[in-house]
Amino acid sequence: MSTSIAVPRTAPIAIAPKPPAARFPPSRQGSVHHHGHNFDSYGSGFNSPDSGSVLSLNTPPCEACRNRRSECVMGEDTEEHCVACQYSGTECSLVESSGSSSPLGARKRKLNGGDGAEEGRRRSDNRSQRRRQNQHHQQPSVSCTTTSSSLIEDMANFGGPTLLKRTLGLQADRYCQYIGPTTDFEPSLINLSSFDPQDESLLARGTLRRVSDNDTFLLLPDNITPGYEHIVEDADEIENIVAPHGRRLIDLYFRVVHPGFPIIQRSVFYEKYERSHREFSPPLLAAVYILAINWWEHEEELAGLPKPNVRELERLVRTTLADAMYRPKLSTIQAGLLLSQRPEGDQWAPTAQLVAVGQELGLHLDCTNWKIPPWERGLRKRLAWALYLQDKWGALVHGRPSHIFASNWAVQPLNPNDFPDIECDETDAEERLELERGRVLFRQMVQLSQILAEILDTFYTLQATSQIANAGPQGTQLVLSLAKPIQLKLKEWYSALPALVRMDSTFQTTPSSSSGSRFSPIGYLHLAYFATEITLHRRIIRSMSALPEDNNPNTPSIDPYIQHICRSAAKARLISAMDFVNRLTPSHLRAFWYFASKTNFALIGTFGSLLWGTSPGREEAEWYRRRLGEYRWTLSVSSKPGEGTSKGLTEFAMGMLDISTGLLKKLPEKPLLSRSGSEVGFGGPGGVDQVRRSSLFALGHAGGSSASLNSMAGGGGRGDGRGV
């Protein structure tokens, strides 16, 4: 728990102080039109039973509310202005209507006297009774400057308290800090505090928020954090950089990025943007724009126009995200995760910081039974697993120790209920299919990443490396015994892939009048699968082969037959991975690729270079040299259709391939062996089946159906390495 915020312990902190006056625009002053949060669902409506004293008069909306596409409601103390206009200081068109002879004006006058006096008294009585009931059942945690019904109280309930006031990580004016078991707060004493019906307790240091019997957070005000006074101007500056193309860039983001990385709810994002860009956290808004600009050329209305200043957006996002870290919310995690998906945006240190912020927000905990809105529980789980992916794949591509450990990870698996029910036009079947495909893709990526995490923990920690080294001549046997159950998990994962995300899916890139061709993001999932397989087999090869200075590439203590079988299995994986890359179409290459993908493309070449360098004979080494040359050619061809997106992916892989193969030129010349002693026959009939069956023995298996053999060997390619 951070203690860097200097808050006096002797003076209570107002939980929701009266919003500042005209210094901030309307979008930052209310609980509905507020800044900095991305709500993933709307709870009760504007006229819900628990929306307090805000009641609709069932009249035509004022001009301002109609433009905002929000419901126009009248509060108990407002006779002419609607609640939203009076609260924001906006001139309300109802003022003119009330003094005219329009039906609306007549209706308003009837509520105060004349023929409608009785109806007006009845409405007033109902409102008063309802207010008394709310005050009886809900002890307000807001310290107001007036004791009567005020406009601020009306706005606090505007939209329903389940949407705003009961959230934990998305409040307008407060941020939360998880209280861990070893902090200066004693958990046993926290329960002795006096909690109100909202499960909050006001202390001198802040406000305690109890979400379960075991989990408590400290809520602190935003306005004491650095950079708070710049939030509005930062949002304006970001929007001005992309103007007038902000809406088109958001369309691009949700068309290309969102299906493959669903960490934002589209319907809510659009609704907030229609009201004002100031409702967003500046780094989140900038991150969406920065990612979308990567597909600028694929939007017909944007392709011929100059791009916005990406460098300036990146400068702003660095500044605003650093400020947001002082008042972390779920939108802070969203912004950080999106920024890490840029082609050149991934770095290890920011990932570590994101993990720390996520722990501050309690994302590592099981929120299944927390006293927060159900939609926030789903959002927390999606963000938690997205953070898990970032950490595990970052650990792989950077070769660093992971920051997330199973012993401190209680997040439950994702299920369909953790995603929003409605996110698209229900009449657009293709759009619904794409969103469903994206959700399945995300869940499968989580499952695969858990297997990757097991591989990293089993083989690549300092402790695991030392254990294998200390095993001496038995090191390879130890590695094989540890690899066997993990290989089975990979086989089962691949066999159980839903049809929606298989490479042989019936997915078609059919043109759409509204959005052009559809892109398929499933490529990054299959590439991640091959990278996981390679990471496992890389360790097996490394355990039994070396590149010693004595020009003897074979470790004498390894049984030649075991070495032969393991290398055959590794070669089968390499062939399947290369074939997968060869089969990628423009619809795959132009789609969203997860941040680790550029390294995963490179790992295929790195693995081929390892097999080349550890080849026992000249014939096998020459075979790998030729195959790596073909792979480089495939990468160079694949870079053209994708332009700004796939170009960066494949160029990085080509660069790394040139480096690794360049190092191999310093190897001493290998001995000339017979073909049978150097290779497993790939050229003749049945050669591939021989390799695939051999791979089973290498990991302690025998026999098996052709389907299981195919999945064990990679499952993604034809096996002959020539593509389709």
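Here's what I pulled together on the structure shown here. A quick note: this is a predicted structure, and the numbers were derived from the prediction, not measured.

Scanning the chain for helices and strands turns up 28 helices and four strands. When the 724 residues of the chain are sorted by exposure, 56% land in the buried category. In the chain, once contacts between residues fewer than 6 apart in sequence are set aside, the share between residues at least 24 apart is 75%. Carbon and sulfur atoms form 51% of the exposed surface of the chain, whose accessible area is close to 31000 Å².

A few words now on the pattern of salt bridges. Across all of its chains, the model carries 29 salt bridges by this definition. Taking the shortest distance from any N to any O, the salt bridge between Glu237 and Arg315 comes out at 3.4 Å. Placement of the pair is Glu237 in helix H9 (residues 231-242) and Arg315 in helix H13 (residues 310-324), with a sequence separation of 78 residues. Take Glu237: its relative accessible area is 32%, and that puts it in the partly exposed class. Taking the relative accessible area as the measure of exposure, Arg315 reaches 33% and is therefore partly exposed. In this structure, the salt-bridge partner of Asp658 is Arg632, at a minimum N-O distance of 2.8 Å.

A word on helix H12 (residues 282-293). Between its first and last C-alpha, H12 extends 17 Å over twelve residues, near the 16 Å set by a 1.5 Å rise per residue. Counted residue by residue, H12 has twelve buried out of twelve residues, so it is predominantly covered. Buried within H12 are the following residues: Pro282, Pro283, Leu284, Leu285, Ala286, Ala287, Val288, Tyr289, Ile290, Leu291, Ala292 and Ile293. Buried residues along H12 sit in contact with H9, helix H10 (246-257), helix H11 (266-275), H13 and helix H14 (330-339).

Two elements in contact, helix H17 (residues 429-459) and helix H20 (residues 523-544), have axes whose closest approach is 10 Å; the angle formed by their N-to-C orientations is 15°. Relative to H20, H17 is oriented roughly parallel. Crossing of H17 against H20: the hand is left-handed. Along its contact with H17, which presents Leu441, Gln444, Met445, Leu448, Leu452, Ile455 and Phe459, the element H20 presents Tyr524, Leu525, Ala528, Tyr529, Thr532, Thr535, Leu536 and Arg539.

Moving on, we get to the pairing of strand S3 (residues 207-210). Side chains of S3 alternate between two faces, with Thr207 and Arg209 and Leu208 and Arg210 buried alike. The pairing of strand S2 (residues 200-202) with S3 spans three bridges and is classified as antiparallel. The residue of S3 that forms the bridge with Ser201 is Leu208. In textbook terms, the turn of a hairpin is the stretch between consecutive antiparallel strands, and for S2 and S3 this stretch comprises four residues. Looking at chain direction, S3 and strand S4 (residues 216-221) are connected through four bridges and run antiparallel. Looking across to S4, one finds that Arg210 is bridged to Thr216. In this structure, the hairpin formed by S3 and S4 is closed by a connection of five residues.

Our next topic: the environment of Leu462. Its place among the elements puts Leu462 in helix H18 (residues 462-470). Residue classification places Leu462 among the exposed positions, given a relative accessible area of 77%. Sequence separation between Leu462 and Pro401 is 61 residues; the distance between their C-alpha atoms is 8.9 Å.

Okay, the nonpolar core next. Among the nonpolar cores identified, the biggest contains 148 residues, and Leu338, Trp393 and Phe601 are the most heavily contacted of them. Among the elements that make up this core, the one with the highest residue count is helix H16 (residues 374-398) (13 residues). For Trp393, the residues in contact, after removing those within four places along its chain, are Met445, Leu448, Ser449, Leu452, Ala528, Ala531, Thr532, Tyr594, Phe595, Ala596 and Asn600. Listed in part, the eight residues of the second largest apolar core include Phe185, Phe195, Leu208 and Leu218.

Another point: the packing of aromatic side chains. Taken as a whole, this structure holds 22 aromatic pairs when the rule is applied. Each ring, one from Phe530 and one from Phe580, has its centre 5.4 Å from the other, and the planes form 40°; the classification is tilted. Taken together, the residues Phe530 in helix H20 and Phe580 in helix H21 (residues 560-582) connect sequence positions 50 residues apart. The exposure class of Phe580 is buried, given its relative accessible area of 0%. Aromatic ring contacts, followed pair by pair, group Tyr253, Phe254, Phe269, Tyr270, Tyr273 and Phe280 into a single cluster. Here the basic side chain of Lys272 rests over the ring of Phe280, its NZ or CZ set 5.3 Å away from the ring centre. Positioned above the aromatic ring of Phe652, the side-chain terminus of Lys598 is 4.8 Å from the ring centre.

Reading the values: the criteria
- Residues numbered from 1 in each chain as written.
- Predicted model: local features only at pLDDT ≥ 70, side-chain atom pairs only at ≥ 80, totals over all residues.
- Heavy atoms only, no water.
- Helix = DSSP H or I, 4+ residues; strand = E, 2+ residues; numbered from the N terminus.
- Buried < 20%, exposed > 50% of the residue type's maximum accessible area, 1.4 Å probe, protein only.
- Contact = heavy atoms within 4.5 Å.
- Areas by Shrake-Rupley, 256 points an atom, 1.4 Å probe, with all protein chains shown as cover.
- Salt bridge = Lys/Arg side-chain N within 4 Å of Asp/Glu carboxyl O.
- Expected span 1.5 Å × (residues − 1).
- Axes fitted to C-alpha atoms, helices over the stretch in contact; angles between N-to-C directions.
- Parallel < 35°, antiparallel > 145°, perpendicular 65-115°, else oblique.
- Left-handed = near helix turned anticlockwise from the far one by under 90°.
- Pairing = 2+ DSSP bridges.
- Core = buried A, V, L, I, M, F, W, Y, C linked by side-chain atoms within 4.5 Å.
- Phe/Tyr/Trp six-rings, centres within 6.5 Å; stacked < 30°, edge-to-face > 60°.
- Lys NZ or Arg CZ within 6 Å of the ring centre and 35° of its normal.

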